[in-house]
Amino acid sequence: MGHFLPSNHSSKANTLTMSAVQETAFQEKIDAELKIEAKDWMPDKYRLHLIRQISQHAHSEVIGMQPEGNWITRAPSLRAKMVLIAKVQDEAGHGLYLYSATETLGITRSELIKQLQTGKAKYSSIFNYPTLTWADMGAIGWLVDGAAIVNQQSLRRTSYGPYSRAMVRICKEESFHQRQGYEIMSKMSNGTIEQQEMAQDALNRWWWPSLMMFGPTDSESAHTSNAMKWKIKRGTNDDLRQLFIDRTVKQAELIGLEIPDPDLKWNPKTKHYDFGEIDWEEFWEVVNGNGFCNKERINNHIKARSEGQWVREAALAYSEKKQNGV
Ligand code: FAQ
């Protein structure tokens, strides 16, 4: 009867055919704009791609609390302090939704944190720049949250269900952040000469790093091709960057600030703004750990996590007690 059992060769072939069938069905589902959910079959490459992108997004939200956290104690009024605290707290919440979405893909939170702290996982380059004046709180809300919204609005339609749903909620909160930043900039640019100069100086320092948030140009972007095929990303780095520029130039004009780019010019043919060359050398230096604040940001994270260890232990002990009915 042994000859009825499949040989090693044909069982390998069967497995290959099976995964090819699954992969075709998976791609058809994506092409039909259906969401992939945590328990659905997915190719390993898709799962790993998502773990990389969503966890880096989560790390960015959490590390992104530091530059603004730096100004909570120095906010110029009680109202400004309350708004800033609420915003920074929102970023922590965004990090939590995104870590939870990543965990649905079969990786633990502690592994993700380890990847961040050992430099294996990246976070957005933008958070490695220092916040020197109160106007930087305006520039971050207006430009950094503004850029994040352009990117995240497109990610609401991402193919992975848990990521897409997190994006819907995050976008609502980010639009409040963008408005609080624009309000600060608008107040300062209508204020004293000194305040106007501070607002312009903040725009000068944050403009180019904000454009870098969208990642390398499409021709240099290693992950865009798979990300677009799997509808993880719904817009390319260059397309989203252009959308952000087109929107923001008009906002700057409205409050009398000047975008620090002599090559910025409306192009009536393309109906977009042409803009100058981004300093890609600076971008890669920052991404690879050599920005102004990279070391400080990670050291702060390591310190805060170690100092908060007792809180996590206490929360776990409390939840175990409750589960045991004590
Ligand atoms: N910084 O092939 P691509 C926020 C890396 S949320 C650092 O183009 P991909 C809210 C990239 O990871 C801001 N690294 O990659 C807030 C890859 O490295 P890897 C975060 C960057 O994934 C506001 C390599 O370069 N938002 O700000 C950057 O297709 C205020 C090759 O690049 C998200 O994460 C960069 N700027 O496209 C919080 C959105 N760009 O992984 C607090 C979701 C690229 O191979 C205060 N993510 N790299 O080692 C995405 O949309 C994409 O991941 C991109 C990059 C567009 C960021």
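All of these numbers come straight from a predicted model, not from anything done at the bench.

1. Digging into the overall build of the chain
Link 1 in the chain: Of the regular secondary structure elements, the chain holds 13 helices and two strands.
Link 2 in the chain: Residue pairs in contact within the chain that sit at least 24 positions apart in sequence constitute 76% of those at least 6 positions apart.
Link 3 in the chain: If you sum the accessible surface of the chain, you get close to 17,600 Å²; carbon and sulfur atoms cover 57% of it.
Link 4 in the chain: When the 40 basic and 40 acidic side-chain charges of the chain are each reduced to a single mean position, those positions are 7 Å apart.

2. Thoughts on a negative patch on the surface
Link 1 in the chain: Residues Glu 277, Asp 279, Glu 281 and Glu 285 make up a contiguous surface patch of negative charge.
Link 2 in the chain: Following the sequence through the fold, Glu 281 ends up in helix α11 (residues 280-290).
Link 3 in the chain: Judged by its relative accessible area of 67%, Glu 281 is exposed.

3. Here we look at the packing of helix α2 (residues 44-63) against helix α4 (residues 78-103)
Link 1 in the chain: Where α2 meets α4, the closest approach of the two axes is 8 Å, and the angle between their N-to-C directions is 160°. The pairing of α2 with α4 is recorded here as roughly antiparallel in orientation. Crossing geometry of α2 relative to α4 is assigned as left-handed. Contact residues: Ile 51, Ile 54, Ser 55, His 57, Ala 58, His 59, Glu 61 and Val 62 in α2; Glu 91, His 94, Gly 95, Leu 98, Tyr 99, Ala 101 and Thr 102 in α4.
Link 2 in the chain: For the contact of α2 with α4, the class distribution of residues is seven nonpolar, six polar and two charged.

4. Things to note about the packing of aromatic side chains
Link 1 in the chain: Under the counting rule described, the total for this entry stands at 12 aromatic pairs.
Link 2 in the chain: Aromatic pair Phe 26 and Tyr 46: ring centres 4.9 Å apart, planes at 75°, arrangement edge-to-face. With a gap of 20 residues between them, Phe 26 in helix α1 (residues 8-31) and Tyr 46 in helix α2 connect regions that are remote in the sequence. Of the two residues examined, Phe 26 and Tyr 46, each falls in the buried class.
Link 3 in the chain: Taking 6.0 Å as the distance between ring centres and 25° as the angle between the ring planes, the aromatic pair formed by Trp 207 and Phe 244 counts as stacked. Taken as a pair, Trp 207 in helix α8 (residues 193-212) and Phe 244 in helix α10 (residues 237-254) lie far apart in primary sequence, 37 residues in all. Phe 244 carries the same exposure label as Trp 207, and that label is buried.

5. Considerations on the site of the ligand
Link 1 in the chain: Around the ligand sit 36 residues, and of these Lys 122, Ser 125, Ser 221, His 223 and Lys 233 come closest.
Link 2 in the chain: Between the ligand and the protein, one listed contact pairs an oxygen atom with a side-chain N or O atom of Arg 52 at 2.9 Å.
Link 3 in the chain: A distance of 2.7 Å separates an oxygen atom of the ligand from a polar side-chain atom of Ser 221.
Link 4 in the chain: Notes on the ligand: free accessible area 1,100 Å², of which the protein chains cover 91%.

6. A short note on unusual backbone geometry
Link 1 in the chain: With a phi angle near 55°, Lys 231 is a residue other than glycine that sits in the positive phi range.
Link 2 in the chain: Residue position: Lys 231 is located in the loop between α9 (224-229) and α10.
Link 3 in the chain: One non-glycine residue with positive phi stands out, namely Lys 271, at about 60°.
Link 4 in the chain: Structurally, Lys 271 is set in the loop between β1 (265-267) and β2 (272-274).
Link 5 in the chain: Residue classification places Lys 271 among the exposed positions, given a relative accessible area of 57%.

7. A short note on the side chain of Ser 154
Link 1 in the chain: As for its position among the elements, Ser 154 is in helix α6 (residues 135-155).
Link 2 in the chain: Residue Ser 154 is classed as buried on the basis of its relative accessible area of 14%.
Link 3 in the chain: Polar contacts involving the side chain of Ser 154 include one to the main-chain carbonyl oxygen of Asn 151, which spans 2.9 Å.
Link 4 in the chain: Beyond its immediate sequence surroundings of up to four residues, Ser 154 is in contact with Arg 234, Gly 235 and Leu 240.

8. Focus: α10
Link 1 in the chain: For α10, with 18 residues, the first-to-last C-alpha span of 26 Å sits near the 26 Å given by 1.5 Å per residue.
Link 2 in the chain: Listing the buried residues of α10 in full gives Asn 237, Leu 240, Arg 241, Gln 242, Phe 244, Ile 245, Asp 246, Thr 248, Val 249 and Ala 252.
Link 3 in the chain: Downstream of α10 by one or two residues, Gly 256 has phi in the positive range, about 75°.

9. Quick notes on helix α13 (residues 309-323)
Link 1 in the chain: End to end, α13 covers 21 Å across 15 residues, agreeing with the expected 21 Å (1.5 Å per residue, within 8%).
Link 2 in the chain: Following α13 by one or two positions, Gly 325 has its phi on the positive side, about 70°.

10. Points about the environment of Gly 181
Link 1 in the chain: Tracing the backbone through its elements, the reader meets Gly 181 in helix α7 (residues 161-189).
Link 2 in the chain: With 127 residues separating them in the primary sequence, Gly 181 and Gly 308 have C-alpha atoms 30 Å apart.
Link 3 in the chain: Setting aside its immediate chain neighbours within four residues, Gly 181 contacts Met 137, Gly 138, Gly 141 and Trp 142.

About the thresholds
- Residues numbered from 1 in each chain as written.
- Predicted model: local features only at pLDDT ≥ 70, side-chain atom pairs only at ≥ 80, totals over all residues.
- Heavy atoms only, no water.
- Helix = DSSP H or I, 4+ residues; strand = E, 2+ residues; numbered from the N terminus.
- Contact = heavy atoms within 4.5 Å.
- Areas by Shrake-Rupley, 256 points an atom, 1.4 Å probe, with all protein chains shown as cover.
- Lys, Arg positive; Asp, Glu negative; His and termini not counted.
- Charge placed at Lys NZ, Arg CZ, Asp CG, Glu CD.
- Patch = residues over 30% accessible without salt bridge, like charges linked within 9 Å, V, L, I, M, F, W, Y side chains within 5 Å.
- Salt bridge = Lys/Arg side-chain N within 4 Å of Asp/Glu carboxyl O.
- Buried < 20%, exposed > 50% of the residue type's maximum accessible area, 1.4 Å probe, protein only.
- Axes fitted to C-alpha atoms, helices over the stretch in contact; angles between N-to-C directions.
- Parallel < 35°, antiparallel > 145°, perpendicular 65-115°, else oblique.
- Left-handed = near helix turned anticlockwise from the far one by under 90°.
- Nonpolar A, V, L, I, M, F, W, Y, C, P; charged D, E, K, R; others polar.
- Phe/Tyr/Trp six-rings, centres within 6.5 Å; stacked < 30°, edge-to-face > 60°.
- Near = heavy atom within 4 Å.
- Polar contact = N/O pair within 3.5 Å; in protein donor to acceptor, adjacent residues only side chain to side chain.
- Expected span 1.5 Å × (residues − 1).

Purely geometric numbers; function is a separate question.
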